[in-house]
Amino acid sequence: CTVLLGSPFNSARSALMADVLPGDTYVGGTSLGNITYQASQILGFVAGGAVVAVLDPARTLGLDAATFVLSAGIVSIWVKGRAAPARDEDERPSLWRAMLGGATLVFRSPLLRTLLLFGWLAGFYILPEGLAAPYVHSLGGKTLDVGLLMAAMPIGTVIGAFVFGRLVPPSGRVRVMGWMAMLTCAPLVVCAAHPPLWVVLALFALSGVGAAYQLVAASAFIVSVPN
């Protein structure tokens, strides 16, 4: 239910960002926001593992809930309200009509369809994070090691986003997205050989480096769709 309710928020945030940061500033702002998000994940996973080791899980979840309340206060107080894009018709479209219209817009465009499918690849390499706790347990690791394993992929993403943004020119970023996507998934195959925990940490970090292509895919997608 939490993830389900978070989806409209993420959609609204993406649309709002395009209004606040027009043109080329949107790509830079989105990259900065994603790096900040990944950095907070690194701190959160490591610190969360330490907190769970000291407190019980219920109290840790209570602290987590309090941060969501704080976040809601920040959004309601400091984020300025902006009108929705003007519509050609007076009536408000139904939910199903809006979904059908959006799907039609995306899947009829080869560019948007390709970028969307690149985004959907996240479902394959995010799954190991959900298996982190039992996986670390099977390797003989501790609670803190779970936090380290879950932080390894965001660490790689921060590094990948920085290197990707500095070394690859904007004109060439879309062309290397396929290679980056393969780099995201390929290292995880080595886990089938049952390597030790330190190797698994390195593999997850390397996978995170490749995941930096999502920043380019998301930015290109938002820039390419109408309001």
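**Some remarks on the overall build of the chain**
Scanning the chain from terminus to terminus reveals 12 helices and zero strands. Tracing the chain from N to C terminus, the helices and strands come up as α-α-α-α-α-α-α-α-α-α-α-α. Seen through its C-alpha atoms, the chain measures out along the principal axes to roughly 60 × 40 × 35 Å. Sorting the 227 residues of the chain into buried and exposed places 28% on the buried side. Residue pairs in contact within the chain that sit at least 24 positions apart in sequence constitute 72% of those at least 6 positions apart.

**A short note on helix α12 (residues 213-224)**
Between its first and last C-alpha, α12 extends 17 Å over 12 residues, near the 16 Å set by a 1.5 Å rise per residue. Among the residues of α12, those classed as buried are Y213, Q214, L215, V216, A217, S219 and I222.

**What about the packing of aromatic side chains?**
On inspection of all chains with the given rule, the structure shows two aromatic pairs. Here F107 and W120 contribute two aromatic rings whose centre-to-centre distance is 6.2 Å and whose plane-to-plane angle is 55°, an arrangement assigned as tilted. With F107 in helix α4 (residues 95-107) and W120 in helix α5 (residues 110-120), the pair connects residues that are 13 residues apart, well separated along the chain. Given the relative accessible area of 52%, W120 is considered exposed. On the basis of an interplanar angle of 65° and a centroid distance of 5.8 Å, the ring pair of F118 and Y213 is categorised as edge-to-face. With a gap of 95 residues between them, F118 in helix α5 and Y213 in helix α12 connect regions that are remote in the sequence. Take F118 and Y213: they sit in the same class, and that class is buried.

**A few points about the side chain of T157**
Looking at where T157 falls in the secondary structure, it is placed in helix α8 (residues 143-167). With sequence-adjacent residues up to four places away left out, T157 is seen in contact with Q38, G208, V209, A211 and A212.

**Re unusual backbone geometry**
The phi dihedral of H194 falls on the positive side, at around 55°, and the residue is not glycine. For H194, the position within the fold is in the loop between α10 (177-185) and α11 (197-210). Note on H194: relative accessible area 68%, which makes it exposed.

**Here's the deal with the nonpolar core**
Judged by nonpolar contacts, the single largest core of 32 residues is most densely connected at Y125, L149, M177, F204 and Y213. Every element with two or more residues in this core is listed here: α5, α6 (122-130), α7 (132-138), α8, α10, α11 and α12.

**A short note on a nonpolar patch on the surface**
Together, I155, I159, F162, V163 and L167 make up a nonpolar patch on the protein surface, roughly 470 Å² of accessible area in all. Note that F162 resides in helix α8.

**Some remarks on helix α3 (residues 57-78)**
Side chains three or four residues apart in an α-helix point the same way, a direct result of the helix having 3.6 residues per turn. Its 22 residues give α3 an end-to-end C-alpha distance of 32 Å, which sits within 8% of 32 Å, the value for a rise of 1.5 Å per residue. Capping of α3 at its N-terminal end is provided by D56; its side-chain oxygen lies 3.1 Å from the backbone amide nitrogen of A58.

**A few points about the environment of L206**
Secondary-structure assignment places L206 in helix α11. C-alpha separation for the pair L206 and C191, spaced 15 residues apart in sequence, amounts to 13 Å. Dropping the residues within four chain positions of it, L206 is found in contact with L183 and P187.

Calculation notes
- Residues numbered from 1 in each chain as written.
- Predicted model: local features only at pLDDT ≥ 70, side-chain atom pairs only at ≥ 80, totals over all residues.
- Heavy atoms only, no water.
- Helix = DSSP H or I, 4+ residues; strand = E, 2+ residues; numbered from the N terminus.
- Buried < 20%, exposed > 50% of the residue type's maximum accessible area, 1.4 Å probe, protein only.
- Contact = heavy atoms within 4.5 Å.
- Expected span 1.5 Å × (residues − 1).
- Phe/Tyr/Trp six-rings, centres within 6.5 Å; stacked < 30°, edge-to-face > 60°.
- Core = buried A, V, L, I, M, F, W, Y, C linked by side-chain atoms within 4.5 Å.
- Patch = residues over 30% accessible without salt bridge, like charges linked within 9 Å, V, L, I, M, F, W, Y side chains within 5 Å.
- Areas by Shrake-Rupley, 256 points an atom, 1.4 Å probe, with all protein chains shown as cover.
- Salt bridge = Lys/Arg side-chain N within 4 Å of Asp/Glu carboxyl O.
- Polar contact = N/O pair within 3.5 Å; in protein donor to acceptor, adjacent residues only side chain to side chain.

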